[in-house]
Amino acid sequence: SLLAGIVAGVNAAAIPNAACAVCAPAPYLAQCQDVLAGGPVAWGAQDVSAQPGGAYTGEVAASMLADFACTYVIVGHSERRAYHGESSGLVAKKAVAVLDAGMTPIVCVGETLAERDAGQTVAVVSSQLGAVLDLVGERVANIVVAYEPVWAIGTGKTATPAMAQEVHAQLRAQLTAKNAVAAETVQILYGGSMKPDNALELMAQPDIDGGLIGGAALKAADFLAILHAAN
Ligand SMILES: O=C[C@H](O)COP(=O)(O)O
């Protein structure tokens, strides 16, 4: 019913200047394909194996996600890094696996509260993004970056637009140093308690190109309100 609500809302009103996708847990991707194929809402996965194939029981290879016509795959979400011990090196391998399978990785970076308080925000996110940039090479144009301060995820605490823009500008500069042409079009999303009432101000920032929405995406009306803010 969530997918149907999103599709109905996207079809009901013109949203010419924004695009959206739903990234679902792997068991629901067939359902995403059934409901969303041929429509304006793309879909993708929340994680992937770094291995392209082989005997890795329980893992979901990028080729399997491609079988369900995923456009996007989130890699390096802070919950994967924190609860599953994923290193930036592993996240980079996952990004490459996604690209190799013809999909777009959404590469998440972000600092913890302790890291921010220690003045390490830029060093942390630069290191996380740098590991990916080192491995994807000239395919940097085909990635999406998501800045998600860990302390803002699911907490109701949102980075102020100025705080978020500061980090986004830093990430843009890092992308520019890698490939100036690609950096102009790589989307940098903000995630962390983005809601209908703060989305417009966040996305008005010059280097915030959209949102990676968690809790607010679980209500179609809120997701659609954020999409209209993006538009
Ligand atoms: O992937 C989404 C992020 O974890 C943001 O979650 P949130 O909007 O519930 O804070």
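Just so we're clear, the structure is a prediction, and the values are computed from it rather than from any experiment. Just so you know, the residues in each chain are numbered from 1, in the order the chain's sequence is written. Thresholds applied to this predicted model are a pLDDT of at least 70 for local features of residues and 80 or more for the giving and counting of side-chain atom pairs; totals over whole chains, interfaces and linings are not thresholded and use all residues. Excluding hydrogens and water, the side-chain values take into account all heavy atoms of the structure.

*Asks:* Explain the overall build of the protein here, please?
*Replies:* A count of helical and extended segments in the protein gives 11 helices and 7 strands. Compactness check: the protein gives a C-alpha radius of gyration of 17 Å against a globular reference of 17 Å for 231 residues, within 12% of the reference. In this scheme, a residue with accessible area under 20% of its type's maximum is buried, one over 50% is exposed, and one in between is partly exposed, where area comes from a 1.4 Å probe on protein chains only. The buried share of the protein, reckoned over its 231 residues, is 48%. When checking whether two residues touch, look at their non-hydrogen atoms; a contact exists if any pair is within 4.5 Å. For the protein, contacts bridging at least 24 residues in sequence account for 67% of all contacts bridging at least 6. Strands are runs of DSSP state E lasting at least two residues, helices are runs of H or I lasting at least four, and both sets are numbered from the N terminus onward. Put simply, the radius of gyration uses C-alpha atoms, and a globule should come to 2.2 Å times the residue count raised to 0.38.

*Asks:* What am I meant to see in the UniProt feature "active site" (unreviewed entry) in the protein here?
*Replies:* UniProt positions are given in the numbering used here, feature names are shortened, and annotations may be inferred rather than shown by experiment. Annotation from UniProt places "active site" (unreviewed entry) at His-77 and Glu-148. The greatest C-alpha distance among the residues just named is 8.3 Å, despite their covering 72 residues of sequence, which places them together in space. None of the other annotated residues line the second largest pocket; only His-77 and Glu-148 do. Mapped onto the elements, His-77 comes out in the loop between strand 3 (72-75) and helix 4 (78-83). Exposure remark for His-77: the relative accessible area of 15% places this residue in the buried category. Apart from residues no more than four positions distant in its own chain, His-77 is found in contact with Cys-108, Glu-148 and Ile-153. Relative accessible area serves as the criterion here: at 5%, Glu-148 is assigned to the buried category. The definition of a polar contact used here is a pair of N or O atoms within 3.5 Å, where within protein one atom must be able to donate a hydrogen and the other to accept one, and adjacent residues in sequence count solely through side-chain atom pairs. At 3.3 Å, the side chain of Glu-148 forms a polar contact with the side chain of His-77. Only protein atoms enter the 1 Å grid used here, on which a cavity is any set of points holding a 1.4 Å probe that cannot leave and a pocket is any open set flanked by protein within 12 Å on both sides along at least five of seven lines; residues with an atom within 4 Å of a point are listed as lining.

*Asks:* For this particular structure, what's the right way to read the sheet that holds strand 3?
*Replies:* Backbone-to-backbone hydrogen bonds pair the strands of a sheet. The strands run either parallel or antiparallel. Two strands qualify as a pair provided that DSSP identifies no fewer than 2 bridges between them. If you trace the 7 strands from one edge of the open sheet to the other, you get 1-2-3-4-5-6-7, paired in parallel fashion. The sheet is open, and its two edges are formed by strand 1 (20-24) and strand 7 (210-211), each paired on a single side.

*Asks:* Can you help me understand the site of the ligand in this one?
*Replies:* We define proximity as follows: a residue is near a molecule or strand when any one of its heavy atoms falls within 4 Å of that partner. The environment of the ligand is made up of His-77, Glu-148, Ala-152, Ile-153, Gly-154, Gly-192, Ser-193, Leu-212, Gly-214 and Gly-215. At a separation of 3.4 Å, an oxygen atom of the ligand approaches a polar side-chain atom of Glu-148. A distance of 2.7 Å separates an oxygen atom of the ligand from a polar atom in the backbone of Gly-154. For accessible areas, the Shrake-Rupley method is used with a probe of radius 1.4 Å. Any residue's cover is judged against the shown protein chains and nothing else. Summarising the interface, the protein chains cover 87% of the accessible area of the ligand, which totals 310 Å² for the free molecule. Across the shell around the ligand, the residue classes break down as 3 nonpolar, 6 polar and 1 charged. The classification used treats Ala, Val, Leu, Ile, Met, Phe, Trp, Tyr, Cys and Pro as nonpolar, Asp, Glu, Lys and Arg as charged, and all other residues, Gly among them, as polar.

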